[in-house]
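As a plain string of letters, each chain reads:
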Amino acid sequence: MSVIQGARERARREVTAAIKDEARRQLATEGAAKLSLRAVARELGMVSSALYRYFPSRDDLLTALIIDAYDAAGEAAEHALAEADTAPVARWTAVCRAVRGWALEHPHEYALIYGSPVPGYAAPQATTASAARVGLALIGVVEDAYPADVSPAPAAPSLPREVLDDAEELRRTLDVRLPAPVLAEIAAAWAELFGLVSFEVFGQFNRVIEARDAFFARAATRLAQNVGLTVGGE
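Conventions we followed
Residues numbered from 1 in each chain as written. Predicted model: local features only at pLDDT ≥ 70, side-chain atom pairs only at ≥ 80, totals over all residues. Heavy atoms only, no water. Helix = DSSP H or I, 4+ residues; strand = E, 2+ residues; numbered from the N terminus. Buried < 20%, exposed > 50% of the residue type's maximum accessible area, 1.4 Å probe, protein only. Contact = heavy atoms within 4.5 Å. Areas by Shrake-Rupley, 256 points an atom, 1.4 Å probe, with all protein chains shown as cover. Lys, Arg positive; Asp, Glu negative; His and termini not counted. Charge placed at Lys NZ, Arg CZ, Asp CG, Glu CD. Phe/Tyr/Trp six-rings, centres within 6.5 Å; stacked < 30°, edge-to-face > 60°. Core = buried A, V, L, I, M, F, W, Y, C linked by side-chain atoms within 4.5 Å. Expected span 1.5 Å × (residues − 1). Axes fitted to C-alpha atoms, helices over the stretch in contact; angles between N-to-C directions. Parallel < 35°, antiparallel > 145°, perpendicular 65-115°, else oblique. Left-handed = near helix turned anticlockwise from the far one by under 90°. Polar contact = N/O pair within 3.5 Å; in protein donor to acceptor, adjacent residues only side chain to side chain. Salt bridge = Lys/Arg side-chain N within 4 Å of Asp/Glu carboxyl O.

## Thoughts on the overall build of the chain
Here is step 1 of the chain: The helix and strand inventory of the chain stands at eleven helices and zero strands.
Here is step 2 of the chain: Secondary structure elements in the chain, listed N-terminal to C-terminal, are α-α-α-α-α-α-α-α-α-α-α.
Here is step 3 of the chain: Split into buried and exposed, the 234 residues of the chain put 41% on the buried side.
Here is step 4 of the chain: Once local pairs closer than 6 in sequence are excluded, the contacts in the chain between residues at least 24 apart make up 71%.
Here is step 5 of the chain: In the structure as shown, the chain presents an accessible area of about 12700 Å², 54% of it carried by carbon and sulfur atoms.
Here is step 6 of the chain: Placing the 24 positive and 31 negative side-chain charges of the chain at their respective mean positions leaves the two points 7 Å apart.

## Looking at the packing of aromatic side chains
Here is step 1 of the chain: Applying the stated criterion to the full structure yields seven aromatic pairs.
Here is step 2 of the chain: Seen from their ring centres, Trp190 and Phe194 are 6.1 Å apart, and the 75° between their planes marks the pair as edge-to-face. Of this pair, Trp190 and Phe194 are both found in helix H10 (residues 180-201), four residues apart, which corresponds to roughly one turn of the helix.
Here is step 3 of the chain: Looking at Trp190, the relative accessible area reads 36%, which means it is partly exposed.

## With respect to the nonpolar core
Here is step 1 of the chain: Ranked by size, the top nonpolar core spans 61 residues in total, and within it Leu61 and Trp92 carry the most contacts.
Here is step 2 of the chain: At the level of secondary structure, the elements contributing two or more residues to this core comprise helix H1 (3-30), helix H2 (37-44), helix H4 (58-83), helix H5 (88-105), helix H6 (107-114), helix H8 (133-145), H10 and helix H11 (212-226).
Here is step 3 of the chain: Ranked by the residues each element gives to this core, the list is headed by H10, at eleven residues.

## Quick word on H8
Here is step 1 of the chain: Between its first and last C-alpha, H8 extends 19 Å over 13 residues, near the 18 Å set by a 1.5 Å rise per residue.
Here is step 2 of the chain: Residues of H8 that are buried include every one of Arg133, Val134, Gly135, Ala137, Leu138, Ile139, Gly140, Val141, Val142, Glu143 and Ala145, and no others.
Here is step 3 of the chain: Where H8 is buried, its residues meet H4, H5, helix H7 (128-131), helix H9 (161-174) and H10.

## Structural notes on the packing of H8 against H10
Here is step 1 of the chain: Contact geometry of H8 with H10 gives a least axis separation of 10 Å together with a crossing angle of 130°. Regarding the angle of H8 to H10, the classification is oblique. As for the relative orientation of H8 and H10, their crossing is right-handed in sense. Residues Val134, Gly135, Leu138, Ile139 and Val142 of H8 pack against Val182, Leu183, Ile186, Trp190, Leu193 and Phe194 of H10.

## Describing the environment of Arg38
Here is step 1 of the chain: Tracing the backbone through its elements, the reader meets Arg38 in helix H2.
Here is step 2 of the chain: Spatially, the C-alpha atoms of Arg38 and Glu105 are 28 Å apart, while their sequence positions differ by 67 residues.
Here is step 3 of the chain: Leaving out residues up to four positions away in the same chain, Arg38 has contacts with Ser48 and Tyr52.
Here is step 4 of the chain: A polar atom in the side chain of Arg38 sits 3.4 Å from the side chain of Ser48.

## Some thoughts on H9
Here is step 1 of the chain: Counted at 1.5 Å a residue, the expected span for H9 with its 14 residues is 20 Å, and the 20 Å between its end C-alpha atoms agrees.
Here is step 2 of the chain: Of the residues flanking the end of H9, it is Asp175, one or two places downstream, whose phi is positive at about 55°.

## Some points on the pattern of salt bridges
Here is step 1 of the chain: Counted under the stated rule, the structure contains 19 salt bridges.
Here is step 2 of the chain: A salt bridge links Glu9 to Arg13, with the nearest nitrogen and oxygen atoms 3.8 Å apart. In this pair, Glu9 and Arg13 are both assigned in helix H1, four residues apart and thus about one turn of the helix distant.

## Remarks on the environment of Gly228
Here is step 1 of the chain: Along the polypeptide, Gly228 turns up in the segment after H11.
Here is step 2 of the chain: Gly228 gets classed as buried once you look at its relative accessible area, which sits at 2%.
Here is step 3 of the chain: When the C-alpha atoms of Gly228 and Ala33 are compared, they prove to be 40 Å apart, with 195 residues separating the residues in sequence.

## Some thoughts on the side chain of Glu200
Here is step 1 of the chain: Of note, Glu200 is situated in helix H10.
Here is step 2 of the chain: Discounting residues that sit within four places of it in the chain, Glu200 has contacts with Arg100, Leu104, Phe205 and Arg212.

## Concerning unusual backbone geometry
Here is step 1 of the chain: You will see that Asp175, though not glycine, has its phi angle at about 55°, which is positive.
Here is step 2 of the chain: Residue Arg207 is not a glycine yet carries a positive backbone phi of 65°.
Here is step 3 of the chain: Structurally, Arg207 is set in the loop between H10 and H11.

Structure (structure tokens):
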């Protein structure tokens, strides 16, 4: 790459970052539904036609912000997992705490990916890999524990056949070693995790649960137990 090409690439990265930073500021003040390319351009002192060279539409900018948010949550989960104790329950709860911590520090970005859908916007396939990172971290914890002295709980006998079919399809898609019933339990725990986080981020725990750190710690441990992460005779 020539010096001129390198300078142009750096300048493009800097402008792209500035656009996304301003868009995140508008998410915090106006909400995703009111995000406007013209307003972003105005705040940055750009003409709209110049901004369109970076993001051709509002949906393109939203997609970039959504991917960034999913990746940030995923990176937090993966970093926590890499630094966690080797005990399976500790690894599981480390991922849960990291997700909660990121969400509380970035509530508007969390709302973008786990809040109300943005009217008129449909997330493209490009967001899928980033959106899967937290779920894959949780699956990885159970998969790593599975051959050891940890016995993931079998699915409840009452699991509907169609749920098991979905879990089997997921197992094939992800190419994981876990049995489909265990994946079904992990999917339920994944949904419960984000339900807990959403209740806290969006204020549903106000005047209901005040000891939130302790409450979440207990809930995360219970979710670990639900997917069978109990060691030895514990």
